[in-house]
Amino acid sequence: MKAAYLDALRGAELTRKMGYVRQLSGLAITASGPDVAIGEICRIFRRDGEFAEDNGGARSGRNSVLAEVVGIKPGQVTLMPYGSVQGLAAGCEVVADGAKTEIGVGSSLLGRVIDCFGHALDGRADPETSLRRSLKGAPINPMQRPRITEVLETGIRSIDSLLTIGQGQRVGIFSGSGVGKSTLLGMVARHVKADINVIALIGERGREVREFIDKQLGEEGLRRSVVVVATSDQPALARVRAAYAAVAIAEHFRDEGKQVLLTMDSITRFAMARREIGLSAGEPPTARGYTPSVFAELPEICERCGTAPSGGAITALLTVLVEGDDLNEPISDSLRSILDGHLVLTRQLAHQGQYPALDVLKSASRLMPDLTTPEQRQLAIHAIKILALLERNRQMVDIGAYERGSNAELDRALALEPELLQFLRQNLGGVRREEALKTLAQVFGAAR
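Residues numbered from 1 in each chain as written. Predicted model: local features only at pLDDT ≥ 70, side-chain atom pairs only at ≥ 80, totals over all residues. Heavy atoms only, no water.

### Some thoughts on unusual backbone geometry
As a rule of thumb, non-glycine residues mostly have phi less than zero, and peptide bonds are mostly trans rather than cis. To be explicit about the condition: Secondary structure elements are defined from DSSP: runs of H or I of at least 4 residues count as helices, runs of E of at least 2 residues count as strands, and each element is numbered from the N terminus.
With omega at 5 degrees, the peptide bond leading from Asp265 into Ser266 counts as cis. With respect to the helices and strands, the residue Ser266 is situated in the loop between strand E15 (259-265) and helix H6 (267-280). Omega for the peptide link from Tyr355 to Pro356 comes to -5 degrees, which places this bond in the cis form. Take Pro356: it is sitting in the loop between helix H9 (347-351) and strand E19 (364-365).

Here it is in structure tokens:
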């Protein structure tokens, strides 16, 4: 009996860090107190006079909203909510819940669709996880990272043969809206040679979430995947937290020695959400309104991917939504310098009926020379030279100004063009890399 009283005393909330809402401006909430740190979670109670009581006599979460501390000034803190601010007013109580910047991890997440807090979105009970992991873990010491030596087979011919990716590489998929980023990600996620898929859908339309899972990923792909979702209608904090949650889950499986594919659609919407938070916290806007913290967090989240001493690796495929098809806009330009390669999808190729609309000449894999044999590199260089020659002379050929026989090299390229373009088109994934290289070699062999 005595032990039960002692346990109850230890579990009792003897002190509470409290404050009060002073101002609401947009989604930024200014409060006097409580004594908190950046990133700490608080609960703001609505002042409606109808607080529900739980079994312990405390007010329940049905009449409150979770908020995160995003800024601190003398005598006041700035919070942003994870839910609706309807019902909040000046004078509402703000209670610090503690630094809950963690997510449950474990094999029970496989085959599940969860939100940024790890709660189920697939109509089933919440996943039961015995382990928890910090959302913002430190990157691995660069001197402890093994070099990338193994090829990652994506099942996409043009990528595996001309833009080979390694296990642990970080690659961006750059394109404008509606060019096929999500379709390409779904093909890769379903057919990639990896142990685990961690898929972060950040700022996506609610309709596209179910469509991606059912149509692109499929039942077989979902079985070895964890899908973390924060749709476009959710607050900026939820979108940022979902991105960090996906990285933390991928890190857990990597530390177990697994080969993990982390796909994020899209990291641009993560940056937009971080801009929204930064502006609300009082940061100065810089290029296109993006705040300095955005450009600090992009390399932070990317550097947590890659190889690890455990033998596992996180290969990151991050889609980059190019605003106005401008590849030099701030987020695209910054990510190209951070990542280990970039795959560019262009609207022009999509309009020509080429799917995936991958522009090989604008794309690059920085690790391809280390991952391929001299014969494979020579084959890829030959294909790229032909595509570059065709691109340089495209206008002259289209207007009929070129006469056959004027340039023997261009004549050979024009003869190869139909079969080479057919090789670059692919409706379904799952083509083995060896088969892709063999097919490409046959394209050139038939022309000799």
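### Notes on the packing of aromatic side chains
We apply this condition: Pairing of aromatic side chains requires ring centres within 6.5 Å, counting the rings of Phe and Tyr and the six-membered ring of Trp. Pairs whose planes differ by under 30 degrees are stacked, by over 60 edge-to-face, and all others tilted. Each residue's exposure class comes from its accessible area (1.4 Å probe, protein chains only) as a fraction of the maximum for that residue type: buried when under 20%, exposed when over 50%, partly exposed otherwise. A positively charged side chain is recorded as over a ring if its NZ (Lys) or CZ (Arg) lies within 6 Å of the ring centre. The angle to the ring normal must also be within 35 degrees.
By the definition in use, this model includes 3 aromatic pairs. With a centroid separation of 5.8 Å and 75 degrees between ring planes, the pair formed by Tyr244 and Phe270 is classed as edge-to-face. Of this pair, Tyr244 sits in helix H5 (residues 236-255) while Phe270 sits in helix H6, placing them 26 residues apart in sequence. We note that Tyr244, like Phe270, is buried. Geometrically, the ring pair formed by Tyr290 and Phe295 is edge-to-face, given 6.2 Å between the ring centres and 70 degrees between the ring planes. Here Tyr290 falls in the buried class, since its relative accessible area comes to 0%. For Arg275, the ring lying beneath its charged end belongs to Tyr290, and the centroid distance is 4.2 Å.

### Notes on the nonpolar core
As a reminder of what qualifies: Think of a nonpolar core as a cluster: buried Ala, Val, Leu, Ile, Met, Phe, Trp, Tyr and Cys residues, connected wherever their side-chain atoms sit within 4.5 Å. In this analysis, two residues are considered to be in contact whenever any of their non-hydrogen atoms come within 4.5 Å of each other.
If you look at the biggest cluster of nonpolar residues, it comprises 56 residues, and the most contacted ones within it are Ile249, Met264, Ile267, Phe270, Ile301 and Leu335. Excluding its chain neighbours within four sequence positions, the residues that come into contact with Ile267 are Leu298, Ile301, Cys302, Leu318, Thr319, Val320 and Leu335. Core analysis: the next-biggest nonpolar cluster, separate from the first, contains 55 residues, Ala194, Ala380, Leu414 and Leu416 among them.

### What to know about the packing of helix H7 (residues 292-303) against helix H8 (residues 330-338)
Angle between the axes and distance between the axes: these two values describe a pair of packed helices. In plain terms, the rule: Fitted lines through C-alpha atoms serve as axes, helices being fitted only where they are in contact, and the angles separating the N-to-C directions of these axes extend from 0 to 180 degrees. When the near helix sits turned anticlockwise from the far one by under a right angle, the crossing is termed left-handed; a clockwise turn instead gives a right-handed crossing. Amino acids outside the nonpolar list (Ala, Val, Leu, Ile, Met, Phe, Trp, Tyr, Cys, Pro) and the charged list (Asp, Glu, Lys, Arg) are all regarded as polar, and Gly is one of them.
At a minimum axis distance of 11 Å, the contact between H7 and H8 shows a crossing angle of 35 degrees. When the axes of H7 and H8 are compared, the crossing they make is right-handed. Contact residues: H7 offers Val294, Phe295, Leu298, Pro299 and Cys302, while H8 offers Pro330, Ile331, Ser334, Leu335 and Ile338. Considering only residue class, the contact of H7 with H8 consists of 9 nonpolar, 1 polar and no charged.

### Topic: the pairing of strand E3 (residues 41-45)
Rules: A pair of strands is considered paired only if DSSP assigns at least 2 bridges between the two.
Of all 5 residues making up E3, 4 are buried, and the element is well covered by its neighbours. The pairing of E3 with strand E4 (residues 64-73) spans 5 bridges and is antiparallel. Residue pairing in the sheet places Ile41 in a bridge with Glu68 of E4.

### Some points on the environment of Asp122
Following the sequence through the fold, Asp122 ends up in the loop between strand E8 (112-114) and strand E9 (131-134). We classify Asp122 as partly exposed; its relative accessible area is 27%. For the pair Asp122 and Arg210, spaced 88 residues apart in the sequence, the C-alpha separation amounts to 9.7 Å. Apart from the residues lying within four places of it in its own chain, the contact partners of Asp122 are Gly111, Arg112 and Val113.

### What about the pattern of salt bridges?
Heads up, the rule is: Put simply, a salt bridge is a Lys or Arg side-chain nitrogen that is within 4 Å of an Asp or Glu carboxyl oxygen.
What the rule picks out here adds up to 21 salt bridges. The salt bridge involving Asp122 is made with Arg112; its shortest N-O contact spans 2.8 Å. One end of the pair, Asp122, is in the loop between E8 and E9; the other, Arg112, is in strand E8, with 10 residues separating them in the sequence. We note a salt bridge from Lys258 to Glu256, for which the minimum N-O separation is 3.6 Å. Relative accessible area serves as the criterion here: at 30%, Lys258 is assigned to the partly exposed category. Three or more residues joined by partner-sharing salt bridges are found here, namely Arg133, Glu251, Arg254, Asp255 and Arg304.

### Observations regarding helix H3 (residues 181-191)
All of the buried residues in H3 are Lys181, Leu184, Leu185, Gly186, Met187, Val188 and Ala189. Those residues of H3 hidden inside the fold are in contact with helix H2 (157-162), strand E12 (170-175), strand E13 (196-204), helix H4 (206-223), E15 and strand E17 (313-321).

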